[in-house]
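Here's the letter readout for the chains.
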Amino acid sequence: RNDSIIYVCNDNEAYMNTGGQKSGTTPYGAATTTTPEGKATVRKNMPLIMAYHHIPYVATAIVSRPADLSAKVKKAAAIAGFKYIHVLTPCPTGWGFEPEQTVRIAELALATGVFPLYEIEYGHIKLTHKPRQLAGIRDYLNLQKRFQHLSAKQVAHIQEEVRKGWEHLAAGGSVGG
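**Comments concerning the overall build of the protein**
Within the protein one finds six helices and five strands. Starting at the N terminus and walking to the C terminus, you meet the elements of the protein as β-α-β-α-β-α-α-β-β-α-α. With the C-alpha coordinates of the protein rotated into their principal frame, the extents come out at 45 × 35 × 30 Å. Counted over contacts in the protein with a minimum sequence separation of 6, partners at least 24 positions apart contribute 64%. A total of about 9300 Å² of accessible surface is found on the protein, and carbon and sulfur atoms cover 55% of it. Side chains of the protein carry 20 positive and 14 negative charges; the gap between the two charge centres is 3 Å.

What follows is the structure, given as structure tokens:
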């Protein structure tokens, strides 16, 4: 219906409020209470799924960058129609890290390209944060108990998928055409 609302998805990559079960946005390989050996499928890319529904504004944000989130909410408020903002919120309990590491893990998600910041306005993709060079994902994964069981082959697979996703976004262009 394209009602003029802003939908904010607070994504902790699992159903944390009911025990840490896997969700559609749980990443490949992550251990949860329902996938103790690691999720066998890739995560759903909700921002791109939303963009393919021809909504006027889609954005990603992360808790370690509150000014970026605030700017995107303000921008969304000025656009008519349905808007979607996807916010990554690392969960110390479910991801298996100490709470004081939350900002560090969030920033590593950005530095590695695991969680890129971007906007999609009327189908046009624009990165809003561009690391000079993507960092390897090993440090990001090693800080979280949910990834401790991964083999070197699985880590390499995740790294390759992150690279492909990053290249797709960095190329710009449009989505949902």
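**Some details on the packing of aromatic side chains**
Applying the stated rule across the entire model yields two aromatic pairs. Aromatic side chains W95 and F97 sit 6.2 Å apart centroid to centroid with 65° between the ring planes, which places their arrangement in the edge-to-face category. Per residue, the accessibility class of W95 equals that of F97, and both read buried.

**So, the sheet that holds strand β1 (residues 6-11)**
Pairing is mixed in the open sheet, where five strands are placed in the order β1-β3-β2-β4-β5. Since the sheet does not close on itself, it has two edges, and those belong to β1 and β5 (124-127), each with one partner. Each strand axis lies, on average, 15° off the axis of its neighbour in the sheet, ignoring direction. Here strand β2 (residues 57-62) runs beside strand β4 (residues 118-121); their pairing, made up of three bridges, is antiparallel. Counted as the bridge partner of V58 is I120 from β4. On top of the sheet, helix α2 (residues 66-77) reaches β1, β2, β3 (83-88), β4 and β5; it is set at about 165° to β2, its chief contact.

**Quick look at the state of the cysteines**
As enumerated under the stated definition, the model contains zero disulfides in all. Take C9: it sits in no disulfide, and the sulfur closest to it among the cysteines is that of C91, at 14 Å. For C91, a relative accessible area of 14% translates into the label buried.

**Comments concerning the layout of surface pockets**
One number sums up the size of the largest pocket: a volume of about 690 Å³. Surrounding the largest pocket, 29 residues form its lining, R43, N45, V114, E161 and V162 being those nearest its centre. Those elements that place two or more of their residues in the lining of the largest pocket are α1 (46-51), α5 (138-142) and α6 (152-170). Residue composition of the lining of the largest pocket, by class: 16 nonpolar, seven polar and six charged.

**A closer look at the pattern of salt bridges**
One pass over the structure, following the stated rule, counts twelve salt bridges. R1 is paired through a salt bridge with D3; the nearest N and O atoms lie 3.2 Å apart. A relative accessible area of 38% means that D3 is categorised as partly exposed. The salt bridge partner of E119 is K126, with a shortest N-O separation of 3.7 Å. Relative accessible area serves as the criterion here: at 44%, K126 is assigned to the partly exposed category.

**Quick notes on the side chain of T60**
Topologically, T60 is positioned in strand β2. Polar contacts involving the side chain of T60 include one to the main-chain amide nitrogen of Y118, which spans 2.9 Å. Setting aside anything within four residues of it in sequence, one finds T60 in contact with P47, D68, K72, H86, F115, P116, L117 and Y118.

**Regarding the side chain of T102**
As for its position among the elements, T102 is in helix α4 (residues 102-112). A residue is classified by how much of its surface remains accessible, and T102, at 17% relative accessible area, is buried. Apart from the residues within four sequence positions on either side, T102 is in contact with V63, P90, P92 and F97.

Calculation rules
- Residues numbered from 1 in each chain as written.
- Predicted model: local features only at pLDDT ≥ 70, side-chain atom pairs only at ≥ 80, totals over all residues.
- Heavy atoms only, no water.
- Helix = DSSP H or I, 4+ residues; strand = E, 2+ residues; numbered from the N terminus.
- Contact = heavy atoms within 4.5 Å.
- Areas by Shrake-Rupley, 256 points an atom, 1.4 Å probe, with all protein chains shown as cover.
- Lys, Arg positive; Asp, Glu negative; His and termini not counted.
- Charge placed at Lys NZ, Arg CZ, Asp CG, Glu CD.
- Phe/Tyr/Trp six-rings, centres within 6.5 Å; stacked < 30°, edge-to-face > 60°.
- Buried < 20%, exposed > 50% of the residue type's maximum accessible area, 1.4 Å probe, protein only.
- Pairing = 2+ DSSP bridges.
- Axes fitted to C-alpha atoms, helices over the stretch in contact; angles between N-to-C directions.
- Disulfide = S-S within 2.5 Å.
- 1 Å grid on protein atoms, 1.4 Å probe; cavity = no way out; pocket = protein on both sides within 12 Å on 5 of 7 lines; lining within 4 Å.
- Points joined across faces, edges and corners; volume = space filled by probe spheres on them.
- Nonpolar A, V, L, I, M, F, W, Y, C, P; charged D, E, K, R; others polar.
- Salt bridge = Lys/Arg side-chain N within 4 Å of Asp/Glu carboxyl O.
- Polar contact = N/O pair within 3.5 Å; in protein donor to acceptor, adjacent residues only side chain to side chain.

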